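Residues per chain are reported as follows:
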Amino acid sequence: MGYRSTKACLDDLARHGHLVRIDQPIDPRLEAAEIHRRVFAAGGPALYFTNVKGSPFPMASNLFGTMERARFIFRDTLERVRKTIELKIDPAALARRPLRYLDAPLAALSMLPKKTRRGPVLDGQTTIDRLPQLKSWPDDGGAFITLPQVYSEDPAAPGWKQSNLGMYRVQLSGGRYQPNREIGMHYQIHRGIGVHHKRAMELGQPLPVNIFVGGSPAMTLAAVMPLPEGFPELHFAGALAGRRVRLIQGAAAIGIAADADFCITGTIDPDKQLPEGPFGDHLGYYSLAHNYPVLRVDKVYHRSDAVWPFTVVGRPPQEDTIFGELIHDLTGPVIPTVITGVKEVNAVDAAGVHPLLLAIGSERYQPFLKAGRPQELLTQANAILGQGQLSLAKYLWIAAAQENEPLSTHNIAEFLQYMLRRVDWRRDLHFQTSTTIDTLDYTGSGLNQGSKLVIAAHGPPLRELPKELPAELALPDGFSEPAVVMPGVLAIRGPAFPNDPHREATAGGADPRMEKFCQAMAKQAEEQGQAAGGIGGFPLVVVANDSRFVAESLNNFLWATFTRSNPAADVYGTAAAIRQKHWGCEGSLVIDARTKPHHAPPLVEDAEVTRRVDALAASGGPLHGII
């Protein structure tokens with residue numbers, strides 16, 4: 001449906017049994033977020049909070065809480081957008097199957113934004129402190145907008161053709177911001193708005209920015225779509241909405257989405273930054289306070305029937321997981337056309353997206369090269385790490401599947417076991433040290449600073465994967481509680497990481513006990529006559545604070561291992577050696593996934609708020625039978 005507002009979407013969801021209405025007073029500080037998290041975890045309906053403490057505006061969340069509901073919201077246009085993407089991949093398909101693409105001209109027409117002088121978003125004005133003050137986690141630095149559509153235009157080429165619509169979090173209160181006059185803008189490197197900000201700084205002028213909230217759900221999805229540079233998100237939003245995006249001209253320095261529920265207009269001062277955060281983020285930890293740009297607020301507009309949509313992020317899966325699935329559903333077929341030889345890429349949601357990529361490539365030149373040795377895979381890995389947000393990946397596991405081999409990166413356990421049977425740790429580990437990682441990842445050596453590891457595997461199996469602990473396995477003092485995660489993967493409880501005040505505050509200082517552990521295990525394997533110094537025959541070993549937690553589920557393993565390690569600092573191995581500056585190991589690869597003093601704290605809910613939400617789920621409450 002081509003909804004023009006959040007209220008129109010909510011009304012449609014209610015008619016079809018996809019929505020629960022909560023009329024009790026709900027506090028936007030912690031309570032609304034916990035309700036959302038628990039309803040999402042239960043696979044429950046969309047939520048409509050009609051009575052929001054401290055604000056005249058109702059709130060809505062969990063609109064995209066299931067794939068079924070996300071597809072329902074876009075049921076009239078999703079297939080048309082998919083066909084448009086197919087034609088972009090293969091334009092000749094139009095001639096071969098003209099009947100399938102009869103509606104292609106309609107999609108093309110709806111991509112073009114439409115100028116207007118008025119729109120519902122200009123019905124009323126308010127102030128920042130009257131907006132719902134959503135706080136999701138106890139230690140968040142203030143209230144945040146969690147579903148913003150941040151719109152900017154190129155200062156050197158004004159207009160929607162060089163515009164950017166992105167979802168960059170916005171801090172409404174707290175910190176050192178002047179109430180109602182300043183709000184915080186957090187956007188990471190490699191973001192489209194960053195190009196516009198840099199251009200404004202070069203021109204010595206403020207950057208006009210408008211923040212839309214609500215309106216067509218297509219605008220929300222467009223703001224998170226990984227579109228090619230130079231392809232305006234407004235094009236995609238129009239195609240997905242089934243109608244042209246209307247932009248109001250003249251009410252602000254740049255266009256305003258006429259059908260948004262809210263619009264905050266303002267400018268970013270090129271010379272001013274203030275601490276933004278902390279904020280409980282999608283890796284499952286707090287991103288800490290750092291200096292980010294400041295938006296000087298001009299006006300806050302809203303529709304007469306405005307509803308404030310929000311989401312909550314935290315340790316995955318959360319609602320943004322559905323965004324990722326929907327995006328992959330639409331754009332997955334594009335990957336092979338962008339990177340030659342790459343068949344599939346999965347940014348693993350359970351590991352926080354950027355920490356772990358899985359990919360399937362190809363080795364097309366093997367008849368002329370040494371069989372079983374990754375060659376073209378490394379070219380493809382470099383290409384993947386050169387693509388937009390994929391460049392922030394920390395670990396990339398890439399395999400070359402044989403012809404007609406049923407391998408998928410989305411069957412994560414099978415994919416990892418496929419690789420672990422084939423990987424040769426002596427040659428198949430490829431590090432990039434002192435490079436860029438995700439701003440939200442605190443495992444590295446500083447903000448945005450860390451390392452990457454490409455693990456490439458190809459060829460016939462080299463080993464069978466053990467499924468049980470060997471009876472003769474003996475661990476050094478301080479290491480205990482070995483637990484099998486899956487065939488080939490072992491978790492071990494390690495001693496607490498040193499918290500020495502004289503030590504470096506970053507990952508620069510490794511724990512010498514890890515090297516001693518690997519040496520002791522290699523010696524034990526040699527004495528027991530085991531090949532290549534492995535640890536119980538397991539090719540991959542994870543040292544963690546709680547090995548039983550890691551082994552409890554696949555999601556626990558993925559989250560703890562890849563969000564708590566920096567490859568260059570935390571990857572070890574038994575019988576390790578450096579040959580021509582290439583590090584590898586004969587036996588087991590060992591990842592130190594313990595929490596370190598420089599890591600950000602994990603997210604923990606407030607006990608009193610949890611009790612209040614429990615009461616809403618009691619008999620007679622609006623959430624009874626849902627959570």
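Structure's up top.
Analysis parameters
- Residues numbered from 1 in each chain as written.
- Predicted model: local features only at pLDDT ≥ 70, side-chain atom pairs only at ≥ 80, totals over all residues.
- Heavy atoms only, no water.
- Helix = DSSP H or I, 4+ residues; strand = E, 2+ residues; numbered from the N terminus.
- Rg over C-alpha atoms; globule rule 2.2 N^0.38 Å.
- Buried < 20%, exposed > 50% of the residue type's maximum accessible area, 1.4 Å probe, protein only.
- Contact = heavy atoms within 4.5 Å.
- Areas by Shrake-Rupley, 256 points an atom, 1.4 Å probe, with all protein chains shown as cover.
- Phe/Tyr/Trp six-rings, centres within 6.5 Å; stacked < 30°, edge-to-face > 60°.
- Pairing = 2+ DSSP bridges.
- Axes fitted to C-alpha atoms, helices over the stretch in contact; angles between N-to-C directions.
- Parallel < 35°, antiparallel > 145°, perpendicular 65-115°, else oblique.
- Left-handed = near helix turned anticlockwise from the far one by under 90°.
- Polar contact = N/O pair within 3.5 Å; in protein donor to acceptor, adjacent residues only side chain to side chain.
- Salt bridge = Lys/Arg side-chain N within 4 Å of Asp/Glu carboxyl O.

K.L.:
Quick rundown of the overall build of the chain? Include the residues and the values.
P.N.:
Looking only at helices and strands, the chain features 18 helices and 30 strands. On C-alpha atoms alone, the chain measures out to a radius of gyration of 26 Å, which is about the 25 Å that the 2.2 N^0.38 rule sets for 627 residues. Referenced to the eigenvectors of the C-alpha coordinate spread, the extents of the chain come out at roughly 80 × 65 × 55 Å. Here the chain holds 627 residues, and 56% of them are scored as buried. At a minimum sequence separation of 6, the contacts of the chain that also span at least 24 residues come to 72%. When the accessible surface of the chain is split by element, carbon and sulfur atoms take 52% of a total near 25300 Å².

K.L.:
Help me get a handle on the packing of aromatic side chains, residues and values and all.
P.N.:
Here the structure, examined in full by the defined rule, presents 14 aromatic pairs. Ring plane angle 20° and centroid distance 6.2 Å describe the contact between Phe64 and Phe74, whose orientation is recorded as stacked. With Phe64 in the loop between strand 3 (59-61) and helix 3 (67-73) and Phe74 in the loop between helix 3 and helix 4 (78-89), the pair connects residues that are ten residues apart, well separated along the chain. We classify Phe64 as buried; its relative accessible area is 3%. The interplanar angle of 15° and the centroid separation of 5.2 Å between the aromatic rings of Tyr285 and Trp559 together place this pair among those described as stacked.

K.L.:
Requested: an account of the sheet that holds strand 18 (residues 308-310), with residues and values cited.
P.N.:
Taken in spatial order, the four strands of this open sheet run 1-2-3-18, and their pairing is mixed. If you trace the sheet from one side to the other, it starts and ends with strand 1 (19-22) and strand 18, each paired once. When the angles between neighbouring strand axes are averaged without regard to direction, this sheet yields 20°. In this structure, strand 3 lies alongside strand 18, joined through three bridges in parallel fashion.

K.L.:
Please provide a residue-by-residue account of the packing of helix 8 (residues 217-224) against helix 9 (residues 233-241), values included.
P.N.:
Relative orientation of the contacting elements helix 8 and helix 9 amounts to 140°, with a least axis distance of 8 Å. Our classification of the angle between helix 8 and helix 9 gives oblique. Handedness of the crossing formed by helix 8 with helix 9: right-handed. Seen from helix 8, the contacting residues are Ala218, Met219, Leu221 and Ala222; seen from helix 9, they are Glu233, Leu234, Phe236, Ala237, Leu240 and Ala241.

K.L.:
Lay out the side chain of Asp441 in plain terms, naming residues and giving numbers.
P.N.:
Tracing the sequence through the fold places Asp441 in the loop between strand 22 (429-436) and strand 23 (449-457). Judged by relative accessible area, Asp441 falls into the buried class, the value being 5%. A distance of 2.8 Å separates polar atoms of two side chains, one belonging to Asp441 and the other to Lys394.

K.L.:
Provide a residue-level description of the pattern of salt bridges, including the pertinent values.
P.N.:
Pairs can form between side chains of opposite charge once their charged atoms are near each other. The full count for this structure, using the stated rule, is 29 salt bridges. Across the pair Arg426 and Asp424 runs a salt bridge whose closest N-O atoms are separated by 2.8 Å. For Arg426, a relative accessible area of 43% puts it in the partly exposed group. Ionic pairing is found between Asp428 and Arg427, a salt bridge with its closest N-O pair at 2.9 Å. Judged by its relative accessible area of 2%, Asp428 falls in the buried class. Three or more residues joined by partner-sharing salt bridges are found here, namely Asp511, Arg513, Asp570, Asp592, Arg594 and Lys596.

K.L.:
Quick one: what's the story with helix 2 (residues 31-41), residue by residue and with numbers?
P.N.:
Of all eleven residues making up helix 2, nine are buried, and the element is well covered by its neighbours. Those residues of helix 2 that sit buried are Glu31, Ala32, Ala33, Glu34, Ile35, His36, Arg37, Val39 and Phe40. Tucked inside the fold, the buried residues of helix 2 contact strand 1, strand 2 (46-49), strand 3, strand 18, helix 10 (319-331) and helix 18 (607-616). Gly43 lies just past helix 2 and shows a positive phi near 70°.

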